[in-house]
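# Inside the fold
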Amino acid sequence: MTAEMVRVRQDVVRQDLSTAVVTMDAPCDGRTHRVTGSPYVDVIVYARLDSHTILGVGERAHEVTLKKTLSLSADGQSLLMEYVLYESGAPSAHGTAFFNRALA
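Residues numbered from 1 in each chain as written. Predicted model: local features only at pLDDT ≥ 70, side-chain atom pairs only at ≥ 80, totals over all residues. Heavy atoms only, no water.

## Thoughts on the side chain of Ser-38
- If you trace the backbone, Ser-38 turns up in the loop between β3 (32-34) and β4 (43-50).
- Classification of Ser-38 by relative accessible area gives buried; the value is 15%.
- A polar side-chain atom of Ser-38 sits 3.1 Å from the main-chain amide nitrogen of Val-41.
- The residues contacting Ser-38, other than those within four sequence positions of it, are Val-22 and Arg-60. (Helix = DSSP H or I, 4+ residues; strand = E, 2+ residues; numbered from the N terminus. Buried < 20%, exposed > 50% of the residue type's maximum accessible area, 1.4 Å probe, protein only. Polar contact = N/O pair within 3.5 Å; in protein donor to acceptor, adjacent residues only side chain to side chain. Contact = heavy atoms within 4.5 Å.)

Structure (structure tokens):
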């Protein structure tokens with residue numbers, strides 16, 4: 001995540017051992033951007049809430065299927081992602097991920 005861009009690559013291994021690669025690059029501009037490889041999201045919109053927080057809303061077939069918040073720590077060394085997945089308009093799963101910046 002940069003000041004104005006969110007870049008995601010997820011290498012997913014499902015319970016049945018099938019795999020998928022989810023990728024997307026999207027600026028924090030409040031506009032719709034394409035997501036590839038995801039069974040849940042076709043497009044996503046990112047908007048900056050403040051200097052350390054970004055809100056993402058994903059859709060599939062024009063229905064909201066994902067809401068996530070990305071929060072960067074004050075020292076810029078860690079990132080917290082909180083998300084909710086939706087099915088038929090109702091929350092179906094949620095989670096939290098915590099990332100530390102890799103040492104160069």
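## So, the sheet that holds strand β8 (residues 90-100)
- On the basis of which strands lie adjacent, the open sheet formed by 6 strands has the order β3-β4-β5-β6-β7-β8 and antiparallel pairing. This sheet does not close on itself; its edge strands, each paired only once, are β3 and β8. When strand polarity is set aside, the average angle formed by the axes of neighbouring strands in this sheet is 20°.
- Across 7 bridges, the pairing between β4 and strand β5 (residues 53-60) is antiparallel. Its bridge partner being in β5, Asp-50 is matched across the sheet by Thr-53. (Pairing = 2+ DSSP bridges. Axes fitted to C-alpha atoms, helices over the stretch in contact; angles between N-to-C directions.)

## A closer look at the pattern of salt bridges
- Across all of its chains, the model carries 3 salt bridges by this definition.
- Close ionic contact of Asp-11 with Arg-9 constitutes a salt bridge, the shortest N to O distance being 2.9 Å.
- When its relative accessible area of 55% is taken as the criterion, Asp-11 is described as exposed.
- Asp-42 is paired through a salt bridge with Arg-60; the nearest N and O atoms lie 2.8 Å apart. Of this pair, Asp-42 sits in the loop between β3 and β4 while Arg-60 sits in strand β5, placing them 18 residues apart in sequence. (Salt bridge = Lys/Arg side-chain N within 4 Å of Asp/Glu carboxyl O.)

## A closer look at the pairing of β8
- Direction of pairing for strand β7 (residues 78-87) relative to β8: antiparallel, over a ladder of 10 bridges. Across the sheet, residue Met-81 finds its bridge partner in β8, namely Ala-97.
- Counted along the chain from β7 to the antiparallel partner β8, the turn is 2 residues long, and its residue Ser-88 has a positive phi close to 55°.

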